[in-house]
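# An overview of the molecular structure
So the chains spell out like this:
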Amino acid sequence: MRVKICGITKLDQGIAIARLGAQALGFICVPASPRYVSPETIRLIVEQLPKNVDRIGVFANTTIENICQVAAESNLSGVQLHGNETAEYCDRLREFLPGIEIIKALRVKTPETLATAAVYAVRVDTLLLDAYHPEQLGGTGKTIDWMMLSEFRPQCPWLLAGGLTPDNILNAIDSAIGYNFSGVDLSSGVEIAPGDKDLTKVAQLFAKLSQLANHR
Ligand SMILES: O=C(O)c1ccccc1NCC(=O)[C@H](O)[C@H](O)COP(=O)(O)O
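Rules used throughout
Once a new chain begins, its residue numbering starts again from 1 and follows that chain's sequence as written. Selection of residues for local features in this predicted model requires a pLDDT of at least 70, selection of side-chain atom pairs for listing and counting requires 80 or more, and totals for whole chains, interfaces and linings are taken over all residues. To obtain the side-chain values, all non-hydrogen atoms of the structure were included, while hydrogens and water were left out. The axes used here are C-alpha line fits, helices contributing only the stretch in contact, and every angle between their N-to-C directions lies in the interval 0 to 180 degrees. Secondary structure elements are defined from DSSP: runs of H or I of at least 4 residues count as helices, runs of E of at least 2 residues count as strands, and each element is numbered from the N terminus. Roughly parallel covers angles under 35 degrees, roughly antiparallel covers those over 145, roughly perpendicular covers 65 to 115, and oblique covers all other angles. Crossing chirality is assigned from the near helix's rotation relative to the far helix, an anticlockwise turn below a right angle marking it left-handed and a clockwise turn marking it right-handed. Note on definitions: a residue-residue contact is assigned when non-hydrogen atoms from the two residues lie within 4.5 Å. Each residue receives one of three labels: charged for Asp, Glu, Lys and Arg, nonpolar for Ala, Val, Leu, Ile, Met, Phe, Trp, Tyr, Cys and Pro, and polar for the others, Gly being one of them. Strand pairing is assigned whenever DSSP detects at least two bridges linking the two strands. Proximity criterion: a residue is near a molecule or strand once any of its heavy atoms comes within 4 Å of it. The definition of a polar contact used here is a pair of N or O atoms within 3.5 Å, where within protein one atom must be able to donate a hydrogen and the other to accept one, and adjacent residues in sequence count solely through side-chain atom pairs. Per-residue and other accessible areas were derived by the Shrake-Rupley procedure at a 1.4 Å probe size, with only the shown protein chains allowed to occlude residues.

With that settled, consider the packing of helix α7 (residues 169-176) against helix α8 (residues 199-209). Between α7 and α8, whose axes approach to 10 Å, the crossing angle comes to 45°. For the element pair α7 / α8, the angle class is oblique. Like other packed secondary-structure pairs, α7 and α8 cross with a definite hand, here right-handed. Contacts between α7 and α8 involve I169, L170 and I173 on the former and, on the latter, L205, K208 and L209. When grouped by side-chain class, the residues that make up the contact of α7 with α8 number 5 nonpolar, no polar and 1 charged.

Structure, rendered in structure tokens:
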């Protein structure tokens, strides 16, 4: 199962979290976020990571030119679209960034949001389901109503996000496991403060995940 830890801002924490077992690290490229990191800082961290760790830049409602520039400067392997990007936008981004993983985040407010997954699933590599918050785009610590996920069957792999913690991770996965479920994404649930990861909690997370038969 893929585990993505998002909101990395510090080199030592990125390296430690990769060593603990994260297959993907997320870097917030949204300037308004308290977890924002510059392309220069991302590059410094990325250069020290094992090559098999995915390096995902998180963007929201920005231009394709900006994403391409940051992806090149930071040496990203993937980009996550966390705003109101349309399906056509995803198509255009693919043309500009062939070979880069595109993750489309859906902020799930009602079951109707899940129905919009179909239009993205044939265009992007991965979907990510996050919780809806009226004022914040991500890193909110709010959970999705996992009961809504029982009928979720997208045509591409998907990650579960939103308020996941070492304490609730096994229940969340139990609810999410199903067609094309590929992993989990955590941020505030393994933090001391925004952008400052709690390595004890990250270790607790991987200890919990090791109880799952299909982990790794
Ligand atoms: O984390 C942020 O500050 C952020 C800001 C703007 C857009 C997206 C953002 N985070 C996206 C993520 O992938 C988070 O990991 C995801 O929202 C889950 O967060 P959490 O509920 O804290 O685990």
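This paragraph deals with the sheet that holds strand β6 (residues 126-131). Spatially, β1-β2-β3-β4-β5-β6-β7-β8 is the arrangement adopted by the 8 strands of the closed barrel, whose pairing is parallel. Between one strand axis and the next, the sheet turns through 25° on average, direction left out of account. On the sheet, α7 packs against β7 (158-160) and β8 (181-186) and is oriented at approximately 150° with respect to β8.

This next bit is on the packing of helix α3 (residues 64-74) against helix α4 (residues 87-96). For the pair α3 and α4, interaxial distance at closest approach is 10 Å and the crossing angle is 40°. Regarding the angle of α3 to α4, the classification is oblique. As for how α3 packs across α4, the hand of that crossing is right-handed. Only Y89, R92, L93 and F96 of α4 make contact with α3, whose side of the interface consists of I64, I67 and C68. Residue composition of the contact of α3 with α4, by class: 6 nonpolar, no polar and 1 charged.

Attention now goes to the site of the ligand. The immediate surroundings of the ligand are formed by 21 residues, with S33, D130, G163, D185 and S188 found nearest. Contact between the ligand and Q80: an oxygen atom at 3.0 Å from a side-chain N or O atom of the residue. Between an oxygen atom of the ligand and a main-chain N or O atom of G139, the distance comes to 2.8 Å. Contact with the protein chains covers 98% of the free accessible surface of the ligand, which is 530 Å².

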